[in-house]
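Descriptive analysis of the structure
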Amino acid sequence: MEYIAVFSPLIAFTVAFLFGKQLGHKFCQVVTCAGITLAAMASCILFVRIALGGMEGYTVPVATWMESGDFIVDWALRMDPLSVVMMCVVTIVSACVHYYSVGYMSHDEARGRFMAYLSLFTFAMMMLVTADNLVQLFFGWEGVGLASYLLIGFWNHKESANAAAVKAFVVNRVGDFGLAMGVFAAFFLFGTVQLDELFALAAENADTTFNFFGFELHALTVVCLLLFMGAMGKSAQLGLHTWLPDAMEGPTPVSALIHAATMVTAGVFLVARMSPLYEFAPIALMVVTVVGAMTAFVAATIGLTQFDIKRVIAYSTMSQLGYMFFALGVSAYGAAIFHLMTHAFFKALLFLGAGSVIHALHDEQDMRNMGGVKWKIPATYVLMWIGSLALAGIPFFAGYYSKDIVLEAAWADHTWFGDFAYWMGIAAALMTAFYSGRLLFMTFHGKPRMDQKTFDHAHESPPIMLTPLIILGVGALFSGAAFYEMFVGHHQFWHGSILVLPDNDTVAAAHHVPTWVKKLPMVMGILGLVLAFFMYVKFVGLPEKMTKIFKPLHALFFNKWWFDEIYDALFVKNSFRFGVTFWKGDQHVVDGIGPDGVAATSKRFAGVLGKFQTGYVFQYAFIMMIGVIGLVSWIFYKTVIGAE
Amino acid sequence: MIEFPVLSLLTFLPLIGALLILTIRGSEEIVARNSRWAALWVSGTTFFVSLYLLFQFDGTSAEFQFVETIDWFPALGLSYTMGIDGISLFFVLLSAFLTPICVLASWTAVKTRVKEYMIAFLILETFMIGTFCALDTILFYIFFEGVLIPMFLIIGIWGGKRRVYSAYKFFLYTLLGSVLMLVALLTLYVQTGTTSIPELMEDPVGRDLQIWLWLAFFASFAVKMPMWPVHTWLPDAHVEAPTAGSVILAGVLLKMGGYGFLRFSLPMFPEASEFFAPMVFWLSVVAIIYTSLVALVQEDMKKLIAYSSVAHMGYVTLGIFTATVQGIEGAIFQMISHGLISGALFLCVGVVYDRLHTREIARYGGLVKNMPKYATVFMIMVLGSVGLPGTSGFVGEFLTLLAAFQVDTIIAAFATTGIILGAAYMLMLYRKVVFGEQVNKDAAAMSDLNPREFWYFVPLVVLVLWLGVQPGMVMDKVAPSVDKLITQYESALPLHAEGTLAEEELEE
């Protein structure tokens, strides 16, 4: 069962990738969809068995990977509640995206390859969530990065897509730098990278310090912060987030699967998985909280001002990831995973819905050229409303439950950073609801702003695209209410796959916070939607005026706080400048003193070499060889005789 | 009583083949065709013989195996001794594996003096295999230096426009290093009275002498690796060499430096190695960062890959001088893997060079449209070079960095930035060559891999992926020899009681 869940996407990928050319697109679509369906079913069975059945976690060994001295790494599938929850989320969303893609990409000439890549991604993600050790986790981590690179740059004739793909990979590598260092540090400290052994040793060595960069530092804090750097890269947290909006260059199903529902949540998973380490590193938790809270806020501010429908959703993804991280930071791991799950459903829904809109309007992504199409594409319209209401945290939609518990947990932490996160989260909740409303009103309501031809041709998507949307819509509607009690209620759902020290149990404390703390997020959600209604439906001229009044602020948000420009000036330009300088140094300094100087005096040999052109090469070769052997023998003989 | 001398057979089979080719007579066309086939048969047979080693090698033993000894200069105690252990085994295999591929890669690319070209390649193979098998210092030296000659000719005769300059640069650089090594070898002999490598490994000389000898050997091996700042011959040599020459240069010749460190510097001069290790670390770190940045701004495909080789060799030297199990095994693995990956990358350049006769990156673009198979192979090799887990490139890089971290966190941090820069320059190269619009008409009209090209890439691709998932195939056989090397190294150090930091701290 475990093998089916993890490896059927790999088999599907291999078959579709190697033989796709010969067997055709249809075949690729069938084989990949079959693979992912199998994986999803197997994952659900495992979920029932392990998470619901309350089975002990276990590990399925597959093979040895690396063995070098006492550094031993195995391929293994770790099964516990945390991994099966992730497996279900990944495979279900992935299955929806697979089916949707069959329709969405139906006119693409490389659609077979596209399906293969989706399966490759799913496999890598499964390896990541079932990893039994840090190195296999790293394998999955980089594997999803590769799939993301291939899929962002899928339309590889577009320069912008290629640039975005490379950027995504390289920025992620910056995060991976931290992750790799974290793995090295863990091995250095504990002599193992196997998770269970690490967890056991971490608790015993909570006070260990070690020398890092010449400073005597608290060991677990260093490890956790390094790992968090990796998480920041993959999950687009503030500072390493610049690749995510650009990643929207990829086809929309990719944005839904990779850049919203699954891959970007890998960082959240990592921190939750490593909770037995983080729990003993309070400073690391504080950093996680603050970074998460700031990300939630900053991303929301940018989301307010963007016009590309996919970028708005991308920034909202980043903002929601911020929520998950500050939940982790206040030790509310269960709440973070809960939000991860509900978010996966409603965000995949929003993206695929957006894709449906884009599809209907012939690849139009700018919301300024949309509007008034609600009855042209009624099913998409309704589903987008469901997704947006879930995102905004309107009662009884999925996001309402998960966002509330996250915010309550932050408040219940009773630390300065918990409070900080709470208020940042509240502010972001208001903005989230506002831009969600803005997106809906600009896209579907008001007067059509596209040309008549496009408007007339706007059409609802075929059933193969709508069915996955409906499944996700069901998730966005009910997954919150259905799993609330299980994930963050009073059950022992996680069975030790997540460790929370008794003092840090904010999820339990979150059930006893004052009523206003509980109600505020909901109020903000409704307020944001109402505001958006007034600004984009009632008084259409208002946004324009607001932009003028708050010009500097708007510029800051609209230009994404100038992160790209600053990075470009600081790192990218300088790297190239150094490259050129060093290269020149190579040519002038190193060579000038060394070989060229010598060569200048021996240029006349060049004439000799010229004769090789006409002579018999092998003769010269033999002469040279005999010369060398003779020389060696002679010197040798001399020295030895001399020594005797 | 004497076993079948399989190592000598392996070493001299190509030489015999070369002599055979020498006898080929006839019209130019027939000579060319026959020499190609003869070279392919000979190198192919050599490869199959080398497989015998792989299967017969006792992976649990750290001793030298397949040893054969013949008195050579009995008066001086000089003998012809061959033998391999886990450290050298895979270098022998790599040499034997890459040569037939090189012959295939030169099939149509080399049009002039085909006979001489094939002879040069087979002689080169003899020297390469001999270097890794020799267990006598003088024998080693002859093979080690002998390599220079055919390589010099291959670059100087079948190379590009500036071939004469490059060939001389290559020759001068490497020869200067070697002269010092020769002096050191002789001194060693005078001091100990033996030229036997195993004996010298058992019994290191005094500390002061070690320092000097270490430096002399270092001069030679550092040039071969090449380490920063004596790397400048490499880009030139690569750029001017014919494709197959680059493959061998990157695939095998660079590894001779690393092999030398493992066979000579570490076991024979342990105290000096420990003394100089910090210097080597910093040179490695500089190499990784410096050459990665230089690679970032290259406009010539071959130069870019050449600079990336220097960076990758930086991990090797870093790993070797950590003198830890992970570091050394990682370094060996990295060398094998780099031999496959960079060899394949140069072949990738060769494929398009054969069609368009330019290496300028800007002349290509959008190849994925007209050359999908090529794009796939190239992508896999780029990923290997980037060190993506699941390819062989990851294992070596990861282990050496892991080892570096155990020794010095600052060094490890600097060296690890290489994984960021490596991704940047390789993906930029790939993006410009394979993706994008098809701006150049002639590049867009190139044909995809032909069957010959396709089939020489297949074993490379399979190995890169297979070793990435199952590195144990190599590591298990290497491990006993490395363990022995480390044990000897540590017992030779005065302060060998020092445990790892981790243990100390956990005990506290």
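Residue numbers restart at each chain and count upward from 1, following the sequence in its written direction. Naming scheme: in the order in which they are written, chains are lettered from A and ligands are numbered from 1. The model is predicted, so local features are restricted to residues of pLDDT at least 70 and side-chain atom pairs to those at 80 or more, both for listing and for counting; the totals for chains, interfaces and linings are taken over all residues. Think of the side-chain values as coming from all heavy atoms in the structure, minus any hydrogens and water.

What to know about the overall build of chain B
Within chain B one finds 22 helices and two strands. Based on C-alpha atoms, the radius of gyration is set beside the globule rule, defined as 2.2 Å times the residue count to the power 0.38. In terms of overall dimensions, chain B is globule-like: its C-alpha atoms have a radius of gyration of 22 Å, near the 23 Å expected for 508 residues. Expressed as lengths along the three principal axes of its C-alpha atoms, the size of chain B is roughly 65 × 60 × 40 Å. Contact criterion: two residues are considered in contact whenever any of their non-hydrogen atoms come within 4.5 Å of each other. In chain B, once contacts between residues fewer than 6 apart in sequence are set aside, the share between residues at least 24 apart is 81%. Here the positive residues are Lys and Arg and the negative ones are Asp and Glu; neither His nor the chain ends is included. Working definition for charges: the position is that of NZ of Lys, CZ of Arg, CG of Asp or CD of Glu. The average position of the 27 basic charges and that of the 40 acidic charges among the side chains of chain B differ by 20 Å. Each helix is a run of H or I in the DSSP string that is no shorter than four residues. Each strand is a run of E no shorter than two, and both are numbered from the N terminus.

With respect to the pairing of strand S2 (residues 71-79) of chain A
Residue and element names in this part refer to chain A. Each residue gets one of three labels from its accessible area relative to the maximum for its type: buried under 20%, exposed over 50%, partly exposed in between, using a 1.4 Å probe on protein chains only. Across the nine residues that make up S2, a large majority, seven, are buried. Pairing of strand S1 (residues 58-68) with S2, which is carried by nine bridges, proceeds in the antiparallel orientation. Its bridge partner being in S2, Ala63 is matched across the sheet by Trp75. Any two strands with at least two DSSP bridges between them are considered paired. Here S1 folds back onto S2, and the loop between the two strands holds two residues, one of which, Gly69, carries a positive phi near 60°.

Details of the pattern of salt bridges
One speaks of a salt bridge when a side-chain nitrogen belonging to Lys or Arg is within 4 Å of a carboxyl oxygen belonging to Asp or Glu. Taken as a whole and assessed by the stated rule, the structure comprises 16 salt bridges over all chains. A salt bridge links Arg431 of chain B to Glu159 of chain A, with the nearest nitrogen and oxygen atoms 3.1 Å apart. A residue pair is termed interchain when its members come from two chains, as with Arg431 of chain B in helix H18 (residues 409-434) and Glu159 of chain A in helix H5 (residues 159-190). When its relative accessible area of 21% is taken as the criterion, Arg431 of chain B is described as partly exposed.

Observations concerning the packing of aromatic side chains
Stacked, edge-to-face and tilted labels apply to pairs of Phe, Tyr and Trp rings (six-membered ring for Trp) whose centres lie within 6.5 Å, assigned for plane angles under 30 degrees, over 60, and everything in between, in that order. What the rule picks out here adds up to 73 aromatic pairs over all chains. For the ring pair Phe188 of chain A and Phe210 of chain A, a centre distance of 5.8 Å and an interplane angle of 50° mean the geometry is tilted. Placement of Phe188 of chain A in helix H5 and of Phe210 of chain A in strand S3 (residues 209-212) is noted, with a sequence separation of 22 residues between them. Accessibility expressed as a relative area gives 4% for Phe188 of chain A, which makes it buried. The buried category is assigned to Phe210 of chain A, whose relative accessible area is 0%. Ring geometry for Tyr117 of chain B against Trp158 of chain B: centres 5.1 Å apart, planes inclined by 75°, an arrangement best described as edge-to-face. In this pair, Tyr117 of chain B sits in helix H4 (residues 114-133) while Trp158 of chain B sits in helix H6 (residues 148-158), placing the two residues 41 residues apart along the sequence. Residue Trp158 of chain B is classed as buried on the basis of its relative accessible area, which comes to 10%. Above the face of the Phe307 of chain A ring, Arg368 of chain A is positioned so that its terminal group lies 4.0 Å from the ring centre. Positioned above the aromatic ring of Phe454 of chain B is the side chain of Lys373 of chain B, whose terminal nitrogen or guanidinium carbon lies 5.5 Å from the ring centre. By definition, being over a ring means that NZ of Lys or CZ of Arg is both within 6 Å of the ring centre and within 35 degrees of the ring normal.

Here we look at the environment of Ile123 of chain B
Residues and elements named next belong to chain B. The topology assignment puts Ile123 in helix H4. A residue is classified by how much of its surface remains accessible, and Ile123, at 8% relative accessible area, is buried. Separated by 70 residues in sequence, Ile123 and Gly193 have C-alpha atoms that sit 31 Å apart. Among all residues touching Ile123, those that are not within four sequence positions of it are Leu15, Ala18 and Pro150.

Some words on the nonpolar core
Grouped together as the largest cluster of nonpolar side chains are 458 residues, with contacts concentrated most on Tyr149 and Tyr278 of chain A. As used in this record, nonpolar core signifies buried Ala, Val, Leu, Ile, Met, Phe, Trp, Tyr and Cys residues forming a set joined through side-chain atoms within 4.5 Å. Counting five residues, the second largest nonpolar core, distinct from the first, contains Leu78, Ile138, Ile142 and Tyr189 of chain B.

Details of the environment of Gly473 of chain A
Considering the arrangement of structural elements, one finds Gly473 of chain A in helix H19 (residues 463-488). Residue classification places Gly473 of chain A among the buried positions, given a relative accessible area of 3%.

Structural notes on the interface of chain A and chain B
Reports of interface size often rely on the accessible area that becomes lost once the parts have come together. Between chain A and chain B, the contact holds 84 residues from the first and 91 residues from the second. Values labelled buried area give the accessible surface lost by two parts on being combined, using a 1.4 Å probe and summing over both. Across the chain A/chain B interface, buried area totals approximately 8100 Å², and carbon plus sulfur atoms make up 76% of it. One can count one salt bridge joining chain A with chain B. As used in this structure description, the phrase polar contact means that two N or O atoms lie within 3.5 Å; if the pair is within protein, one of them must be able to donate a hydrogen and the other to accept it, and residues adjacent in sequence are counted only when both atoms belong to side chains. Run the count over chain A and chain B and you get ten residue pairs in polar contact (both at pLDDT 80 or more). Top contributing element to the side of chain A that touches chain B by residue count: H5 of chain A, with 18 residues. Residue composition of the side of chain A that touches chain B, by class: 56 nonpolar, 17 polar and eleven charged. Gly falls in the polar group here, along with every residue not listed as nonpolar (Ala, Val, Leu, Ile, Met, Phe, Trp, Tyr, Cys, Pro) or charged (Asp, Glu, Lys, Arg).

Some words on the environment of Met66 of chain A
Relative to the elements of secondary structure, Met66 of chain A occurs in strand S1. Once the C-alpha coordinates of Met66 of chain A and Val135 of chain A are considered, the two residues, 69 residues apart in sequence, prove to be 9.6 Å apart. When residues no more than four places from it in sequence are discounted, the contact partners of Met66 of chain A are Phe71, Ile72, Val73 and Val135 of chain A together with Phe394, Val395, Leu399 and Pro471 of chain B.

A look at the state of the cysteines
All names here are of chain B. Count a disulfide wherever a pair of cysteine sulfur atoms falls within 2.5 Å. Taken as a whole, this structure holds zero disulfides over all chains when the rule is applied. Among the cysteines around Cys133, which has no disulfide bond, Cys102 carries the closest sulfur, lying 18 Å off. For Cys133, a relative accessible area of 0% corresponds to the buried category.

Observations concerning the confidence of the model for chain A
Residue and element names in this part refer to chain A. What pLDDT expresses is the predictor's confidence in each residue, scored from 0 to 100. Taken as a whole, chain A shows an average pLDDT of 84; of its residues, 91% reach a score of 70 or greater. Within chain A, helix H26 (residues 604-610) has the poorest average pLDDT of any element, 45, and helix H10 (residues 266-273) the best, 92. Confidence drops under pLDDT 50 across residues 601-621; counting only partners more than four residues distant or on other chains, this segment forms 26 contacts.

With respect to unusual backbone geometry
Cis peptide bonds are those with omega within 30 degrees of zero, and the linkage from Met225 of chain B to Pro226 of chain B qualifies with -10°. Looking at the element boundaries, Pro226 of chain B is found in the loop between helix H9 (207-224) and helix H10 (233-240). Although it is not a glycine, Asp363 of chain A sits at a positive phi angle of roughly 65°. Position of Asp363 of chain A relative to the elements: it lies in the loop between helix H14 (333-360) and helix H15 (378-392). Judged by relative accessible area, which is 61%, Asp363 of chain A ranks as exposed. Residues other than glycine seldom take positive phi values, yet His357 of chain B does so here, at roughly 55°. Take His357 of chain B: it is sitting in the loop between helix H14 (325-356) and helix H15 (367-370).

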